[in-house]
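# Examining the three-dimensional arrangement
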Amino acid sequence: MDARPNLNPDPNPGPNPDPDAAPPAGDAALYPHPQDRPLAGAPHPGRLLHPRLYACECAGTMLLMLFGVTTNVLLGAGDSPVGRGLANHPALQVALQGLFFGMGGSLAALSPFGRVSGGHVSPSVSLAFALLGRLAWRDLLGYWAAQLAGAVLGTGLVALAGRAWPRLGAWAHATRFAATIPFDLVPLSWVFMGEVCTTALLITALLYTGGHAALRWATPLLAGPLFFALNPFEAWLSGDSTNLARSLGPAVFSGQWQDFWIYGAAPFCGVVSTVLMVRLGTFGAMHVHEARLAHFGHHGRVPFLLPPILLPWRRRRS
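Now for a look at the structure at hand. (Residues numbered from 1 in each chain as written. Predicted model: local features only at pLDDT ≥ 70, side-chain atom pairs only at ≥ 80, totals over all residues. Heavy atoms only, no water.)

### Comments concerning the overall build of the chain
Defined as follows: Elements are defined by DSSP. Helices are runs of H or I of four residues or more, strands are runs of E of two residues or more, and each kind is numbered from the N terminus. In this analysis, two residues are considered to be in contact whenever any of their non-hydrogen atoms come within 4.5 Å of each other. Only the protein chains shown count as covering a residue, and every accessible area follows the Shrake-Rupley method with a 1.4 Å probe.
Across its full length, the chain holds 12 helices and 0 strands. Going residue by residue from the N terminus, the α and β elements of the chain occur as α-α-α-α-α-α-α-α-α-α-α-α. Expressed as a percentage of contacts within the chain between residues at least 6 apart in sequence, the contacts between residues at least 24 apart total 76%. Accessible surface, the chain as shown: approximately 14100 Å² in total, 69% of it carbon and sulfur.

### Let's talk about the nonpolar core
Using the following cut-off: Joining through side-chain atoms within 4.5 Å is the link that ties buried Ala, Val, Leu, Ile, Met, Phe, Trp, Tyr and Cys residues into a set, and such a set is a nonpolar core. Partly exposed residues are those whose accessible area sits between 20% and 50% of the maximum for their type, while under 20% is buried and over 50% is exposed, using a 1.4 Å probe and protein chains only.
Counting 30 residues, the largest nonpolar core has F129, L135 and L207 as its most contacted members. Counting residues per element, this core draws most heavily on helix α5 (residues 123-131), which supplies 5 residues.

### Overview of helix α10 (residues 244-254)
For clarity, the cut-off: In protein, a polar contact means a hydrogen-donor-capable atom and an acceptor-capable atom, both N or O and within 3.5 Å, with residues adjacent in sequence counting only if both atoms are side-chain atoms; elsewhere, any N or O pair within 3.5 Å suffices.
Extensive coverage of α10 is indicated by the burial of 8 of its 11 residues. Three or more residues of α10 are buried, namely L244, A245, R246, S247, L248, G249, P250 and A251. Check the buried side of α10 and you find it contacts α1 (51-76), α3 (90-110), α5, α6 (137-164) and α11 (262-279). N-capping of α10 is provided by N243, with a side-chain oxygen placed 2.9 Å from the backbone N of A245.

### Focus on the packing of aromatic side chains
As a reminder of what qualifies: Paired rings are identified among Phe, Tyr and Trp, the last through its six-membered ring, by centres lying within 6.5 Å, and are further divided according to the angle between planes into stacked (under 30 degrees), edge-to-face (over 60) and tilted (the rest).
Across all of its chains, the model carries 9 aromatic pairs by this definition. Ring geometry for Y54 and Y143: centres 6.1 Å apart, planes at 80 degrees, overall edge-to-face. Here Y54, found in helix α1, pairs with Y143, found in helix α6; they are 89 residues apart in sequence, far enough to count as distant. Like Y143, Y54 is buried. Taken together, W257, F260 and Y263 form an aromatic cluster joined through their ring pairs.

### A look at the environment of G150
Among the secondary structure elements, G150 is positioned in helix α6. Taking relative accessible area as the criterion, G150 reaches 0% and is therefore assigned buried. Along the sequence, G150 and M62 sit 88 residues apart, while their C-alpha atoms lie 4.6 Å from each other. Apart from the residues within four sequence positions on either side, G150 is in contact with C58, T61 and M62.

### Considerations on unusual backbone geometry
Within the chain, F177 stands out as a residue other than glycine whose phi angle is a positive 55 degrees. By relative accessible area, F177 is classed as buried at 3%. Not every positive phi belongs to a glycine, and D240 is a case in point at roughly 55 degrees. Mapped onto the elements of the fold, D240 is located in the loop between α9 (223-238) and α10. Overall, the relative accessible area of 4% leaves D240 in the buried class.

### Re the pattern of salt bridges
Opposite charge on two side chains makes pairing possible when the charged atoms of those side chains draw close. We apply this condition: For this document, the term salt bridge refers to a Lys or Arg side-chain nitrogen within 4 Å of an Asp or Glu carboxyl oxygen.
Tallying each qualifying case throughout the model produces 1 salt bridge. One salt bridge in this structure joins R47 and D36, with 3.2 Å as the shortest N-O distance. Taken together, the residues R47 in the segment before α1 and D36 in the segment before α1 connect sequence positions 11 residues apart. The partly exposed category is assigned to R47, whose relative accessible area is 29%. On the accessibility criterion, D36 (6% relative accessible area) is buried.

This is the structure in structure tokens:
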């Protein structure tokens, strides 16, 4: 049996599999450009940029950071009620921080924004899809810009909430807005390799479940349990980031830029190593066919957020 990854669409992708065919009549309003398939790696030559995708990716990353930073502040601050309750259980405390930050990614992927953009909310995830030919490089740059901006804006919302509720602000500053900081008593090479390995594990899990039809339902739900398991081992070493955007937002508001280059270079190395293993067939046959985490099977066509009745101009265009 051929164990090499199948990077082409599934043999039974659902109705209307032909990318050049017009969508069904009822879907014409949702899919006004049927030949444009940016999330399948085949953007139309006349539509080089997809600002709607980038805007939704930015909003999804904001949601990730708003939920993740807020919950991590409440869990980690020594003066918060939750922090006091977990003070005698540090391993559980750190594991729960990983769980809730990962759940923020799941919320983003399953939100209306994630349904449109795929809910990558991480430059690492978008790079993996680009290296597998499922996201054009110009769209990758758009996703990266959106993710970095969304992370700063999402953390900024937490900072604004802290001004309105000073107690939350004090907790946020005490926990440095859940910043990822290398442990200064170990060599930086340990920190670097920790980020490489955790990123590789995350991307492997996402691609493996996303690459098997029976497991795709689990793809947007993986991050929480995975970081729950990894955080007690990795958080003390590097903060367990795997995501440049996740590290950037807290760094902007906490001023913690110590060895920040690690959070860009190491996760990308982890992505490259994982994609190389996928292409070598290490994980067996996989159908990695669309740069979408939450909802596969749309053939790269991205529905609008609002219903047709709210966008009369769309009916005129279709």
